[in-house]
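Coordinates in review
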Amino acid sequence: METAPPQTSSPSQHAAYTVHSESLEHFIRTIFKCLRRIDQRKWAHAYLSGLLVTPGKKSVRRIAAGISRDPSVVQSLRQFVSLSPWDFDDVMEEITRWVVQRRPEPVWSIGRAVLPKRGEKSVGVHRHFDLHSGRTLNCQLGLGAFLCVGAAQVPVDWCLHLPTTWTQDSDRRREARVPVSEHYRPMWAHALRLVDRLSARLDSPSSVVLADMSNEPDVGFLLRGLAKRRRNVVVAVPPHLAVLPVCEAAPAPVSARALVLAQSPETDVVPLPDGQQRVAGFQTSLVHLPSSAPGRSPGPPYRLFTETGPTLKSRRLWLTSLTHHTLGAVGEIAALTGGTTAVIDSLEQDFGLLDFEGRSYPGWYHHMALISAAYTFRCLHGVTAPPSRGSARQP
């Protein structure tokens with residue numbers, strides 16, 4: 001049975017937390033009002049407060065030590081995260097509403113989190129070759145959805161990738177408490193799932209989906225799925241993605257890299273977050289994706305582009321449906337993916353993204369909801385107060 005949570009530490013011990021205690025109290029009451037029981041909401045308060053004030057690694061033991069001297073708090077926090085029945089989706093919907101009141105930009109960014117783990121017990125853990133580091137890791141893979149508020153990006157949803165070694169193993173599923181409804185999905189399907197869930201929460205049909213899928217060989221399925229959903233996209237694609245040049249009468253498929261690097265460079269002005277501008281060079285070509293079935297005509301046109309740089313290795317190839325936008329405008333959107341990566345790094349270093357010690361599927365999602373809430377508060381505290389109901393606008 002869960003016990004009453006401890007009192008938080010004194011102002012002199014944790015000034016960073018107590019300076020904004022009134023704002024934090026309001027935030028926690030709002031985000032966790034969907035939790036049914038009073039004890040759950042109190043432990044959410046304790047855990048979130050601990051994430052904000054605990055330096056270094058955010059293990060449950062360190063969080064508990066940062067907020068109380070009572071040794072029983074460790075077990076109570078573990079129970080709240082891993083065993084207590086509360087809904088991840090409800091909490092993330094409240095976070096989304098909180099962010100929408102701060103008027104996010106019309107860009108939905110999808111980012112990948114690679115979470116190294118020891119052993120084989122953590123839910124979803126498997127051997128994965130990470131293209132960016134060039135190493136094979138024992139890890140979990142998570143995919144997150146982020147909304148942009150000014151120069152900030154905030155996580156509002158997550159999916160955990162479960163490989164077939166987990167979905168087809170009944171013992172593993174039972175021990176990790178994986179729901180019957182969860183089955184294997186490739187990463188592109190997880191990305192579509194995140195877009196569908198955001199679409200259900202937000203009345204924002206014009207929002208652009210931004211994603212780095214440069215290591216996803218089946219990115220074509222994502223692009224076709226988003227086209228069916230009438231979503232505009234700016235997506236980083238693998239260099240060997242097959243594309244069809246628009247300018248040719250009966251084009252043969254060529255690799256994206258070979259086609260775009262054969263184009264003459266051109267320049268455009270890219271706006272910067274601080275209001276400044278920079279002049280950038282681009283190589284670009286209009287393309288179609290090859291039809292997914294013989295005899296069908298190609299789908300909508302895309303602009304394939306890359307920004308010129310010192311080395312080919314550092315240059316991402318991008319595909320966008322915003323064919324009538326300037327290169328500078330789509331380059332500005334593509335640059336936001338660096339911000340998404342920076343947020344994931346911050347979640348790892350400062351908010352305990354890598355520090356979940358439980359093994360269960362519900363526990364993983366609970367942990368992600370809690371660190372997302374902590375990051376949202378820290379990131380958006382001090383942002384302009386929410387507009388009145390009459391003046392609020394959707395992204």
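Provided above is the structure to which this section pertains.
First things first, this report covers the structure right here in the doc.

A few words on the side chain of D212. Within the secondary structure, D212 is located in strand β5 (residues 208-212). At 2.7 Å, the side chain of D212 forms a polar contact with the side chain of S214. Within polar-contact distance, the side chain of D212 engages the side chain of R316 at 3.0 Å. When residues no more than four places from it in sequence are discounted, the contact partners of D212 are I110, H132, A236, R316 and T337.

Further remarks concern unusual backbone geometry. The residue R103 is not glycine, and still its phi comes out positive at about 60°. Considering the arrangement of structural elements, one finds R103 in the loop between α6 (88-100) and β1 (107-116).

In this section: the layout of surface pockets. Taken as a whole, the second largest pocket spans an internal volume of roughly 520 Å³. Lining the second largest pocket are 21 residues, and of these E105, G150, E332, I333 and L336 lie nearest its centre. Listed by contribution, the elements that provide at least two residues to the lining of the second largest pocket are β4 (152-160), β9 (266-271) and α12 (327-350). Tallying contributions element by element places α12 first for the lining of the second largest pocket, with five residues. Residue classes in the lining of the second largest pocket are distributed as 14 nonpolar, four polar and three charged.

This brings us to the packing of aromatic side chains. Enumeration over the complete set of coordinates arrives at ten aromatic pairs. With 5.2 Å between their ring centres and 15° between their planes, F80 and W86 make a pair best called stacked. Relative to Y375, the ring of F351 lies with its centre 5.3 Å away and its plane at 70°, an arrangement referred to as edge-to-face. Of this pair, F351 sits in the loop between α12 and α13 (361-380) while Y375 sits in helix α13, placing them 24 residues apart in sequence. Judged on exposure class, the residue F351 and its partner Y375 are both buried.

The terminal C-alpha atoms of α12, which comprises 24 residues, lie 35 Å apart, in line with the 34 Å expected from a rise of 1.5 Å per residue. Downstream of α12 by one or two residues, G352 has phi in the positive range, about 85°.

Moving on, we get to the nonpolar core. Ranked by size, the top nonpolar core spans 103 residues in total, and within it F27, F32, L77, V123, W158, L319 and W364 carry the most contacts. For this core, the element with the highest residue contribution is α13, accounting for twelve residues. In contact with W364, other than residues within four places in its own chain, are L115, V123, Q140, G142, W158, C159, L160 and F356. By size, the runner-up hydrophobic cluster in this structure holds 16 residues, among which are C148, V208, V234 and W318.

Attention now moves to the pairing of strand β6 (residues 233-237). Along β6, five of the five residues are buried, which leaves the element largely enclosed by surrounding structure. Where burial is concerned, the two faces of β6 agree: the one with V233, V235 and V237 and the one with V234 and A236 are both buried. Bridge count for β5 against β6 is four bridges, and the pairing is parallel. Directly across from V209, in β6, lies its bridge partner V233. Note that β6 and strand β12 (residues 317-320) share four bridges and pair antiparallel.

Moving on: the packing of helix α3 (residues 38-53) against helix α5 (residues 73-82). One way to put it is that α3 packs onto α5 with a least axis distance of 10 Å and a crossing angle of 110°. Between α3 and α5, the angle falls in the class roughly perpendicular. Along this stretch, α3 crosses α5, giving a crossing that reads as left-handed. Between α3 and α5, the residues in contact are Q40, W43, A44, A46 and Y47 and V73, S76, L77, F80 and V81, respectively. The class makeup of the residues in the contact of α3 with α5 is eight nonpolar, two polar and no charged.

Moving on, we get to α13. Look at α13: 29 Å from first C-alpha to last across 20 residues, which is about the 28 Å you get at 1.5 Å a residue. The buried fraction of α13 amounts to 17 of the 20 residues, a majority that puts the element mostly inside the structure. Residue S360 occupies the N-cap position of α13, its side-chain oxygen lying 2.9 Å from the main-chain nitrogen of G363.

Cut-offs and rules
- Residues numbered from 1 in each chain as written.
- Predicted model: local features only at pLDDT ≥ 70, side-chain atom pairs only at ≥ 80, totals over all residues.
- Heavy atoms only, no water.
- Helix = DSSP H or I, 4+ residues; strand = E, 2+ residues; numbered from the N terminus.
- Polar contact = N/O pair within 3.5 Å; in protein donor to acceptor, adjacent residues only side chain to side chain.
- Contact = heavy atoms within 4.5 Å.
- 1 Å grid on protein atoms, 1.4 Å probe; cavity = no way out; pocket = protein on both sides within 12 Å on 5 of 7 lines; lining within 4 Å.
- Points joined across faces, edges and corners; volume = space filled by probe spheres on them.
- Nonpolar A, V, L, I, M, F, W, Y, C, P; charged D, E, K, R; others polar.
- Phe/Tyr/Trp six-rings, centres within 6.5 Å; stacked < 30°, edge-to-face > 60°.
- Buried < 20%, exposed > 50% of the residue type's maximum accessible area, 1.4 Å probe, protein only.
- Expected span 1.5 Å × (residues − 1).
- Core = buried A, V, L, I, M, F, W, Y, C linked by side-chain atoms within 4.5 Å.
- Pairing = 2+ DSSP bridges.
- Axes fitted to C-alpha atoms, helices over the stretch in contact; angles between N-to-C directions.
- Parallel < 35°, antiparallel > 145°, perpendicular 65-115°, else oblique.
- Left-handed = near helix turned anticlockwise from the far one by under 90°.

Function cannot be read off these values alone, since they describe shape.
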